[in-house]
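Structural overview
Given next are the chains, with one letter for each unit.
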Amino acid sequence: MVREGKMTSVMGHMLIIILAGELIFALPFHLARFFRPTFLQAFGLTNTQLGDIFAVYGVVAMLSYFPGGIIADKYPPNRLMSFSLLATALGGLYLLSGPSHFGLTLLFAYWGATTVLVFWAAMIKATRLSAPSHRQGFAFGLLDGGRGLAASLFASVGILLLSFGTFNPQGDFSDAGEAFDAMRLLIIYYTVLTALAAGLTWFFVSVQTESGAKDDFQQQGQHSSASSLGSTLINPLVWLQGGIVICAYCGYKALDNYSLFVVQHYGWSQVEGAQFITFSSYMRPVAALVAGILADRLRTSKMTYFLFAALGLAFAGIAWMTHFDAAITLVLAMLLFTFFAVFALRGIYFALVDESQIRMGATGTAVGIISVLGFTPDIFFASISGRMLDTGQDGFGHYFLFVAGIMFVGCLCALVLALKVNKMRKFQAVSA
């Protein structure tokens, strides 16, 4: 009975972490990912302008990851996460005013801080604490898979709200005013959900996620922060993980333009494009959980380089087939595969922290360093891809080829990390 009660408590804890972990990014990312054509029309933006706005978000976020990691090693994660959610929801109130291009730039800079500084590393550490070493793949797969399911369910409701904004049988909006009216419903919807998640996190996520976790927070001052920081900074496995996350996150960012791709390249309506993205996103929980279970059996690093290799081939194939309109069915099948493989990667790449045997008390610091590197695509990816897509008919072909190259770099990073982990384990076995 005690064990069952503990399991129920852990699962409840993880459920709220999952909801909080997805809703923190709903306002800055869901609106532009699931409803991109409508978002562009409502605010009068080009792909290049939106890309530059996301670049500003990325710069602020990058500057926030490292100090956020140090903060996460000092304070309870539930308090940090709740504060971040509430601050992010407040930004939604400003978005309702229909800000100009400059106002949107300032808003996304603000969100770059609220979604990362005291949230991201705290969430990763809380997840690592929730599972033993041999179940890290499953824990992180559950986190990302659960976040994906939450995103899909919330976006499905958003599709209904979007549909209320148009009576055009083609599923498009006649002008920017009509598009913004529909977008206003979505903004209110996501703002309310984010604020509710802040309350749930504050009251129902326990400070202590496993035996000894509370003591771990209390003892942080007894360890040398400078020593912990120094040893983490010179750890090559940390830097390799940073490279892996960079490449995997580029693959994830690539999904943001899929609705635009089917609208512009195949003539689908805006609503149909949003429906395709939403439908595809339902693969995220399945992909992340399957990858997590397999990673615990086969090793996370091995799963990682296999997934990168498959993605590189898939994106290269899509780039080639954009020149053949008759290949639409095959292209859509490959797009769906890339959704699955990218979601699988996201579900397991932070499990590499445990495989690399990084000390629990340095988890936040390590995650901060990895994230500073790994999420730099928030700075450059949207700007580069936006310019590619605005070049004309061949823009998508160049875009998918660009992403394919990044996936092969990720494969190399994962392979080197796997070799280094093997060498470290053999040395420990001989020393023992």
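Above this text you will find the structure in question.
This text gives an overview of the structure that appears in the document. (Residues numbered from 1 in each chain as written. Predicted model: local features only at pLDDT ≥ 70, side-chain atom pairs only at ≥ 80, totals over all residues. Heavy atoms only, no water.)

1. Considerations on the state of the cysteines
Under the counting rule described, the total for this entry stands at zero disulfides. Its sulfur unpaired, cysteine 247 is 5.3 Å from the next cysteine sulfur, which belongs to cysteine 413. Given a relative accessible area of 5%, cysteine 247 falls into the buried group. As a non-bridged cysteine, cysteine 250 has cysteine 247 as the owner of its nearest cysteine sulfur, 6.4 Å distant. Taking the relative accessible area as the measure of exposure, cysteine 250 reaches 1% and is therefore buried. (Disulfide = S-S within 2.5 Å. Buried < 20%, exposed > 50% of the residue type's maximum accessible area, 1.4 Å probe, protein only.)

2. Examining the packing of helix α4 (residues 47-72) against helix α7 (residues 120-129)
For the pair α4 and α7, interaxial distance at closest approach is 7 Å and the crossing angle is 45°. Considering their axes alone, α4 and α7 lie oblique with respect to each other. Relative to α7, α4 is oriented so that their crossing is right-handed. Contacts between α4 and α7 involve Tyr65, Gly68, Gly69 and Ala72 on the former and, on the latter, Trp120, Ala121, Ala122 and Lys125. Class assignment of the residues belonging to the contact of α4 with α7 gives a composition of five nonpolar, two polar and one charged. (Axes fitted to C-alpha atoms, helices over the stretch in contact; angles between N-to-C directions. Helix = DSSP H or I, 4+ residues; strand = E, 2+ residues; numbered from the N terminus. Parallel < 35°, antiparallel > 145°, perpendicular 65-115°, else oblique. Left-handed = near helix turned anticlockwise from the far one by under 90°. Contact = heavy atoms within 4.5 Å. Nonpolar A, V, L, I, M, F, W, Y, C, P; charged D, E, K, R; others polar.)

3. A word on the pattern of salt bridges
Pairing between side chains of opposite charge can happen when their charged atoms approach one another. With the rule as written, the count across this model stands at nine salt bridges. The partner of glutamate 22 in a salt bridge is arginine 147, and the shortest N-O contact between them spans 3.3 Å. Highlighted residues: glutamate 22 in helix α1 (residues 2-23) and arginine 147 in helix α8 (residues 136-164), separated in sequence by 125 residues. On the basis of relative accessibility, which here comes to 2%, the residue glutamate 22 falls in the buried class. Put simply, arginine 346 and aspartate 144 hold a salt bridge, and the shortest N to O gap is 3.5 Å. With arginine 346 in helix α17 (residues 328-348) and aspartate 144 in helix α8, this residue pair connects regions lying 202 residues apart in the sequence. The same class applies to arginine 346 and to aspartate 144, which are both buried. Among the charged side chains, a salt-bridge network with shared partners connects Glu22, Asp144, Arg147, Arg284 and Arg346. (Salt bridge = Lys/Arg side-chain N within 4 Å of Asp/Glu carboxyl O.)

4. Section: the packing of helix α2 (residues 26-34) against helix α9 (residues 176-204)
In the contact formed by α2 and α9, the axes pass within 10 Å of each other and the chain directions differ by 145°. Crossing of α2 against α9: the hand is right-handed. Each of Ala26, Leu27, His30 and Leu31 in α2 lies in contact with α9, whose residues at this interface are Met183, Leu186, Ile187, Tyr190, Thr191 and Thr194. Broken down by class, the residue content of the contact of α2 with α9 amounts to seven nonpolar, three polar and no charged.

5. Some remarks on the packing of aromatic side chains
In total, this model carries 32 aromatic pairs according to the counting rule given. Their ring planes at 90° and their centres at 5.1 Å tell us that phenylalanine 29 and tyrosine 57 sit as a pair that is edge-to-face. Here phenylalanine 29 is found in helix α2, whereas its partner tyrosine 57 is found in helix α4, with 28 residues between them in sequence. There is no split in this pair, since phenylalanine 29 and tyrosine 57 are both buried. Each ring, one from phenylalanine 39 and one from phenylalanine 43, has its centre 4.9 Å from the other, and the planes form 45°; the classification is tilted. Placement of the pair is phenylalanine 39 and phenylalanine 43 together in helix α3 (residues 36-43), with a separation of four residues, close to one helical turn. The pair formed by phenylalanine 39 and phenylalanine 43 is uniform in burial state, with each residue classed as buried. In this structure, lysine 253 is placed above the aromatic ring of phenylalanine 54, and the distance from its NZ or CZ to the ring centre is 4.9 Å. For the cation-ring pair, arginine 346 lies above tyrosine 252, with the distance from its terminal atom to the ring centre recorded as 3.8 Å. (Phe/Tyr/Trp six-rings, centres within 6.5 Å; stacked < 30°, edge-to-face > 60°. Lys NZ or Arg CZ within 6 Å of the ring centre and 35° of its normal.)

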